[in-house]
Amino acid sequence: MKKLITSVFVVLLCLCCLASCSSAHKENEWFSEEKLTNCLVVDLPTIEKDYVNRGGEDIYVSFTAGEREAYVVSVFEYLKSQNFKYLGTRGEQASTLAGSFTTYYFKPATELSEFYVGSSYKFVYSDGTLDEGGDPIFCILTIYDYEAKNLEYGTKNFAYNTLITLRYKSEAPLSGRYALNEEEHEHTITYVSAGESGHFENYTCGCPHDHGAVPHYDEDIDLICDACGYDMNEDYPPLVDTTIPLRNLTRCEWLNELTAEDIAEIKIIGEAVGVAPGNLKNVSSSTDEAVIARIFEEYYQLDTRPISKMEGQIDGGSGVTVKFILKNGTVKELYINNGNYLDTNGDYFELLFTPKFKDTDNATKAYGFITYLGTGTVYDKDNNPVCEIPIDELEFVESDGCVDAVVTGYYYTVETEFGTLYFDYSNDLFYLREVDYIEFYRVVSKNLDELIAEYSITTE
């Protein structure tokens, strides 16, 4: 009987050990073969110590300084051995082609030190495969360096100081795409007439060109388009040399009634025209008196030129909204579509330029969502509707991407026309849940509690 009990105990002990090994193996699985293949790094160097693979996407590990340096070097040497057509890192933020995503210029790099951006090593690479728009498809491998943190998963805690991420096409669902720097590349273009609406610029160099028809132009004033040869004699009115101050156009007369001292803040919002809701727009603002004075004076003195309806009506492109927020709470707005202004009489005017903030100005930068419905519905943790809030009032920046996996119980969701915003952690931190990635954003405008308080309908 004792032998039987002993045998059963040994079997149970073995089963427990096997289960433990199986569990440990699952926790320490490397990137999937599918992901490594998709990202062109099937033999990416692995890690010879304990780590956690969270959600099958990101690798959490605790390195000594020497271990991290050795691993980074092994990754760098491996990527160089693959002879990618493009191998580099993150460059300057690009002015987006259609204003929809945060895009960075690809920056070629050859020395390991060049790949260190902020607090991470960022490797951006491509074999030259093009997407449907003619852009190279980039993959991004990032090795983040953190102060010691704890990751909670299940009932366990795991200490880590390094995060390794591997992404295809973009670092996040709504940002982190890469593009070649057009300033370093000379396009080859053919022009095809689109009739009176303008002409198409067809790039023959493989670069993207997702804009529609652009207006004809006639620098030698013979009413023949200099690009495509279209005869504009019947379509275009005589050229107008007269300029008109913006402040004298309808809906802009309030510029004559203000001074810079009346303005508390200027906000300039740039966005794509005609793109899907959920794409990002750029929001810059300043409360600096000197900056406000300069921007206001530039708009006050700004001249415009009357143009034809054909020139003024442009499909797609970009729009700029300028908000002058007065000290009494009033907001005055200007909307500029592709550099043109439409007055209440249906007449178009071309602005000689569009005043904006300079890089040296004391101004803050954030993002907002492009939306056409304008509002989203807030739900509590029991899925009860709370109120509707204006999505335009949500301004945010990208979070550092590293959030401890502890839900605080705050828990609200905001249902929008482009998806769900999850506020699981706090009133100023939300994320968008995609198929293979979660991107966190930090609200820098009114937080969710403040918006709920302002827009909830209360009954006495």
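Residue positions are given per chain, counting from 1 as you read along its sequence in written order. Confidence filtering applies because this is a predicted model: local features only for residues at pLDDT of at least 70, side-chain atom pairs given and counted only at 80 or more, and all residues used for totals across whole chains, interfaces and linings. Side-chain metrics rest on all non-hydrogen atoms present in the structure, leaving aside hydrogens and water.

Numbered from the N terminus, helices here are DSSP runs of H or I no shorter than four residues, and strands are runs of E no shorter than two. Looking only at helices and strands, the chain features six helices and 28 strands. Only protein chains enter the area calculation, which uses a 1.4 Å probe; residues under 20% of their type maximum are buried, those over 50% are exposed, and those in between are partly exposed. For the chain, with 460 residues in total, the buried portion stands at 42%. For this analysis, residues touch if any pair of their heavy atoms sits within 4.5 Å. A separation of at least 24 residues holds for 59% of the contacts in the chain among residues at least 6 apart in sequence. In the structure as shown, the chain presents an accessible area of about 24600 Å², 50% of it carried by carbon and sulfur atoms. The protein chains shown are the only cover counted for residues, whose accessible areas, like all others here, come from Shrake-Rupley with a 1.4 Å probe.

Another point: the packing of aromatic side chains. Pairing of aromatic rings covers Phe, Tyr and the six-membered ring of Trp, with a centre-to-centre limit of 6.5 Å; geometry is then stacked below 30 degrees between planes, edge-to-face above 60, and tilted otherwise. According to the stated counting rule, one finds 30 aromatic pairs in the structure shown. A centroid spacing of 6.4 Å and a plane angle of 25° characterise the contact between phenylalanine 76 and phenylalanine 123, whose relative ring orientation is stacked. A residue pair is termed long-range when its members are at least 10 positions apart, and phenylalanine 76 in helix H3 (residues 65-81) and phenylalanine 123 in strand S6 (residues 120-126) qualify at 47 residues. Here phenylalanine 76 matches phenylalanine 123 in class, with each residue buried. Considering the side-chain rings of tryptophan 254 and phenylalanine 324, the 5.5 Å spacing of their centres and the 65° angle between planes classify their relative orientation as edge-to-face. Highlighted residues: tryptophan 254 in the loop between strand S13 (244-245) and strand S14 (263-272) and phenylalanine 324 in strand S17 (residues 318-326), separated in sequence by 70 residues. On the basis of relative accessibility, which here comes to 0%, the residue phenylalanine 324 falls in the buried class. By way of ring pairs, the aromatic residues Phe369, Phe396, Phe418, Phe423, Phe430 and Tyr441 are connected into one cluster. Stacked on the ring of tyrosine 300, the Lys or Arg arginine 247 has its end atom at 4.3 Å from the ring centre. We call a charge positioned over a ring when the NZ of a Lys or the CZ of an Arg lies within 6 Å of the ring centre and within 35 degrees of the ring normal.

With that settled, consider helix H6 (residues 448-455). For H6, the set of buried residues is Leu448, Leu451 and Ile452. Looking straight down H6, one finds that the buried residues subtend no more than 100° of arc, so they occupy a single side. Where H6 is buried, its residues touch strand S22 (375-379), strand S23 (385-390), strand S25 (412-416) and strand S26 (419-426). Where H6 begins, the side chain of asparagine 447 points an oxygen toward the backbone nitrogen of aspartate 449, at a separation of 3.0 Å. Working note: the arc is built from the helix axis to C-beta atom directions. What qualifies as a polar contact is a pair of N or O atoms within 3.5 Å, subject to a donor-acceptor requirement within protein and to the restriction that residues adjacent in sequence count only when both atoms come from side chains.

Moving on, we get to unusual backbone geometry. Not every positive phi belongs to a glycine, and leucine 40 is a case in point at roughly 70°. Relative to the elements of secondary structure, leucine 40 occurs in the loop between helix H2 (33-38) and strand S1 (51-54). At asparagine 338, a position not held by glycine, the phi torsion is positive, near 55°. Relative to the helices and strands, asparagine 338 resides in the loop between strand S18 (331-337) and strand S19 (340-342).

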